[in-house]
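# Residue-level structure breakdown
The residues making up each chain are set out below.
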Amino acid sequence: MVEIKEIEKSFGRLNVLKGVSVSIPSGKVVAVLGPNGSGKTTLIKCILGLVIPDSGNIIIGNDNVKNSWSYRKNIGYLPQIARFPENLTVNELFRMIQDLRKGYANIAEAERCKEELVSVFNIQSFLNKHLRSLSGGTRQKVNVILSLMFDPDLFIFDEPTVGLDPISCVRFKENILKQKEKGKTIVLTTHILSEVDEMADEIIFLLEGKIYYKGSPDELKLQQQEATLERAIARLLEKNDNKINNQLPGKNN
Amino acid sequence: MFKILKYSFYDVLRSRWTVLYFLFFLVSTFALLYFSGNMSKGIVSLMNVSLTIIPLISTIFGVMHYYNSREFVELLLSQPIKRSDIFIGQYLGLSFSLSLSFVAGTIIPFIAYGIFVSSEVWNFSLLIFTGAILSFIFVGLAFLISILNENKIKGFGIAILMWLCMAVVYDGLILMVFISFNDYPLEKAAVLMVNLNPIDLSRIMILLKLDISALMGYTAAVFNQYFGTTNGMIMSLLSLLGWIVFPVLLFNFFAKRKDF
Ligand SMILES: Nc1ncnc2c1ncn2[C@@H]1O[C@H](COP(=O)(O)OP(=O)(O)OP(=O)(O)O)[C@@H](O)[C@H]1O
Ligand SMILES: [Mg+2]
């Protein structure tokens, strides 16, 4: 589904991605993990063409992200930080995006889907409010609905449950699992490991600009001989720390 | 692209500032026509106002619009829309609505004073035309400066500085050059210098068309030799178009490579 080949990206002198290659299979839930600033958002933005890689290629279906834009009709993206035109109301925002997607998506179906999600996340009373007046969690719900409403084949969620209340969290996860059953591909980042345990088929662990680990959550637990994902990842990182410490000069004196 | 153009066009047109801009031209054009009493003088006065105000306001609106629509742009970038369509659509939307405000604001008073049955109709058309072109030029320059400066305050400062240079400092510079190199034949240099500033270029084009170049003395005679000919006119038009095309192409070049 998504083929990422040798992606490199620097911001000024900061080397964020140092040759990331990975293929994301169709119909799977893939969790991109890693500490703050490890480049998860950057990698995701490369897939969307928001960040332009210094080198490397990303192939989605038959399209190379570098010189195509129409592939985005098949992507539902939830950004980590939602940026909306603040002077629009929620309804105006939905209508505008529908208008922009006209010709690429079934708008009647999207409208129906939106109606359903609006009641699932219980934001009927905010539809005519301006975006600037919404609470953080309500904004996140709008963000979620925008990413889900066009029924794309590929979902990309950047920390989707941040700010959501527990009920909405559960409903969101239920929705994701439903999408997975429908055969959709899902890429998500998160720092909440229970979510990974619940949903992910595969983990991609980014560290210092490279893929440090790739495999299923169960494999990781087995490999590190830990019962929980949290401890398995902690152990994975400990080894890395030791490695770095041993390389420090003067360590043995 | 057309959809983006439409969205930003209406977005800008609805804003208070555009209405104010329109009203400014409406009121001042009526006032200028009333006080100068004759249409030819009215056109010259309006020209002096327009050649200062249009670049200034287009620059300010351009910078403001660029920074204020960053959220909108980021939202659009994750939709199935071509990158350059988003940016060029925004540029055209803003430029068209500013031109429209200017054209509507000046044309209404002139119609009321009967411009269409007067002999000045072509001179007036040229003024309207260059005014619209200047809007496109300075919105383009403002967008270019904005995209090169992540920092809003810095972008704003540089843009105003650019306006100041072109509208005020440049004229002084030309004058100084003429005075200090009085003994040398400077015709070619003068023509070149005028071409390097779209505001001066517009002024010369209009003044020569108005045929009051006699008022301007020796320099005007020089300019008349170049700009007064058909070739000169075509060259100046191309030069003005270049002032639109190159900054916008450069802006598009940077927009394609920018990370969001
Ligand atoms: N547009 C940008 N300009 C400069 N530096 C950037 C830019 N975007 C990201 N960075 C830097 O790149 C690094 C990786 O950022 P990124 O957002 O990809 O991290 P992340 O893994 O998503 O972190 P988090 O878990 O906090 O979301 C950070 O050090 C960040 O400061
Ligand atoms: Mg992130």
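About the criteria used
Residues numbered from 1 in each chain as written. Chains lettered and ligands numbered in written order. Predicted model: local features only at pLDDT ≥ 70, side-chain atom pairs only at ≥ 80, totals over all residues. Heavy atoms only, no water. Near = heavy atom within 4 Å. Polar contact = N/O pair within 3.5 Å; in protein donor to acceptor, adjacent residues only side chain to side chain. Helix = DSSP H or I, 4+ residues; strand = E, 2+ residues; numbered from the N terminus. Nonpolar A, V, L, I, M, F, W, Y, C, P; charged D, E, K, R; others polar. Pairing = 2+ DSSP bridges. Contact = heavy atoms within 4.5 Å. Axes fitted to C-alpha atoms, helices over the stretch in contact; angles between N-to-C directions. Donors = N, O, S within 2.8 Å, 3.2 Å for Na, K, Ca; no water. Buried < 20%, exposed > 50% of the residue type's maximum accessible area, 1.4 Å probe, protein only. Buried area = accessible area lost by both parts, 1.4 Å probe. Salt bridge = Lys/Arg side-chain N within 4 Å of Asp/Glu carboxyl O. Parallel < 35°, antiparallel > 145°, perpendicular 65-115°, else oblique. Left-handed = near helix turned anticlockwise from the far one by under 90°. Phe/Tyr/Trp six-rings, centres within 6.5 Å; stacked < 30°, edge-to-face > 60°. Lys NZ or Arg CZ within 6 Å of the ring centre and 35° of its normal. Patch = residues over 30% accessible without salt bridge, like charges linked within 9 Å, V, L, I, M, F, W, Y side chains within 5 Å. Areas by Shrake-Rupley, 256 points an atom, 1.4 Å probe, with all protein chains shown as cover.

All names here are of chain A. Neighbouring ligand 1 are 14 residues, the closest being Gly 37, Lys 40, Thr 41, Thr 42 and His 191. Note that an oxygen atom of ligand 1 is positioned 3.2 Å from one of the backbone N or O atoms of Ser 38. With respect to ligand 1, the side chain of His 191 contributes an N or O atom lying 2.8 Å from an oxygen atom. Elements with a minimum of two residues in the shell around ligand 1: strand E2 (14-24) and helix H1 (40-48). In terms of residue count, the dominant contributor to the shell around ligand 1 is H1 (3 residues). Looking at the shell around ligand 1 residue by residue, the class counts come to 4 nonpolar, 8 polar and 2 charged.

Turning our eyes to something else, we now look at the sheet that holds strand E4 (residues 55-60) of chain A. Residues and elements named next belong to chain A. Taking strand neighbours across the sheet as the criterion, the 4 strands line up as E2-E1-E4-E5 in an open arrangement whose pairing is antiparallel. Looking at strand neighbours, the two that pair on one side only are E2 and strand E5 (63-64), the edges of this open sheet. Sheet strands in contact with H1 are strand E1 (2-11), E2 and E4, and its direction is about 120 degrees off that of E1.

We now examine the coordination of the magnesium ion (ligand 2). Coordination of the magnesium ion (ligand 2) by the protein is provided by Thr41(A) (OG1) and Gln80(A) (OE1), with metal-donor distances spanning 1.8 to 2.2 Å. With Thr41(A) in helix H1 and Gln80(A) in the loop between strand E6 (75-78) and helix H2 (90-101), the pair connects residues that are 39 residues apart, well separated along the chain.

All names here are of chain A. Sheet topology places E1 next to E2; 8 bridges connect them, and they run antiparallel. When the bridges of E2 are listed, Ile 4 appears paired with Val 22. From the end of E1 to the start of E2, which pair antiparallel, there are 2 residues, and Gly 12 there has a positive phi angle of about 60 degrees. Note: E1 against E4, 5 bridges, orientation antiparallel. Paired with Glu 8 across the two strands is Ser 55, which belongs to E4.

So, about the side chain of Asn197(B). With respect to the helices and strands, Asn197(B) occurs in the loop between helix H8 (187-195) and helix H9 (198-210). Since its relative accessible area comes to 0%, Asn197(B) is described here as buried.

Attention now goes to the sheet that holds E6(A). Residue and element names in this part refer to chain A. Here we have 6 strands laid out as an open sheet, ordered E6-E7-E8-E3-E9-E10, and mixed in their pairing. Edge positions in the sheet fall to E6 and strand E10 (210-215), since each of these pairs with one other strand and no more. For this sheet, the mean inter-axis angle between neighbouring strands, taken without regard to orientation, is 15 degrees. With 5 bridges joining them, strand E9 (residues 202-207) and E10 adopt antiparallel strand pairing. In the strand pairing of E10, Leu 206 is matched with Ile 211. In the packing of helix H7 (residues 217-224) onto the sheet, the strands contacted are E9 and E10, and the crossing angle to E10 comes to about 100 degrees.

Many authors give the size of an interface as the accessible area that is lost as the parts come together. Chain B puts 23 residues into the contact, and the matching count from chain A is 26 residues. Between chain B and chain A, a total of about 2200 Å² is buried, with carbon and sulfur atoms accounting for 57% of that surface. At the junction of chain B and chain A, the tally comes to 4 salt bridges. The interface formed by chain B and chain A contains 14 residue pairs in polar contact (both at pLDDT 80 or more). Of all the secondary-structure elements, those providing two or more residues to the side of chain B that touches chain A are helix H1 (2-14), helix H4 (70-77) and helix H11 (230-257) of chain B. With 7 residues, the top contributor of residues to the side of chain B that touches chain A is H4(B).

A few words now on the pattern of salt bridges. A full pass over the atoms with the stated rule returns 25 salt bridges over all chains. Note that Asp99(A) is salt-bridged to Lys6(B), the shortest N-O span being 4.0 Å. Placement of Asp99(A) in helix H2 and of Lys6(B) in helix H1 is noted, with the two residues assigned to different chains. Of the residues examined, Asp99(A) reaches a relative accessible area of 14% and is grouped as buried. For the salt bridge of Lys184(A) with Asp151(A), the shortest nitrogen-to-oxygen distance reads 2.5 Å. In this pair, Lys184(A) sits in the loop between helix H5 (166-181) and strand E8 (185-189) while Asp151(A) sits in the loop between helix H4 (136-148) and strand E7 (154-158), placing the two residues 33 residues apart along the sequence. In this structure Lys184(A) comes out as buried when scored by relative accessible area, which is 8%. Connected via shared salt-bridge partners are Lys9(A), Asp54(A) and Asp259(B).

All names here are of chain B. Interhelical geometry of helix H3 (residues 39-68) versus helix H6 (residues 121-148) gives an angle of 25 degrees and a closest axis separation of 8 Å. In this view, H3 runs roughly parallel relative to H6, as classed from their interaxial angle. The handedness of the crossing between H3 and H6 is right-handed.

Time to look at the packing of aromatic side chains. For the coordinates displayed, the defined rule picks out 21 aromatic pairs over all chains. Where Trp69(A) meets Tyr104(A), the ring centres are 6.3 Å apart and the plane angle is 90 degrees; that geometry is what we call edge-to-face. With a gap of 35 residues between them, Trp69(A) in the loop between E5 and E6 and Tyr104(A) in the loop between H2 and helix H3 (107-120) connect regions that are remote in the sequence. When its relative accessible area of 28% is taken as the criterion, Trp69(A) is described as partly exposed. One residue, Arg101(A), lies across the ring of Phe150(A), its end atom 4.8 Å from the ring centre. Cation over ring: Lys258(B) sits above Phe260(B), and NZ or CZ is 5.5 Å from the ring centre.

What follows is about a nonpolar patch on the surface. Residues and elements named next belong to chain B. Taken together, Phe 30, Tyr 34, Phe 35, Ile 108 and Tyr 113 make up a surface patch of nonpolar side chains, about 580 Å² in accessible area. Among the elements that take part in the nonpolar patch, helix H2 (residues 16-36) stands out by supplying 3 residues, more than any other. The residue Tyr 34 is located in helix H2 in this model. The class for Tyr 34 is exposed, based on a relative accessible area of 59%.

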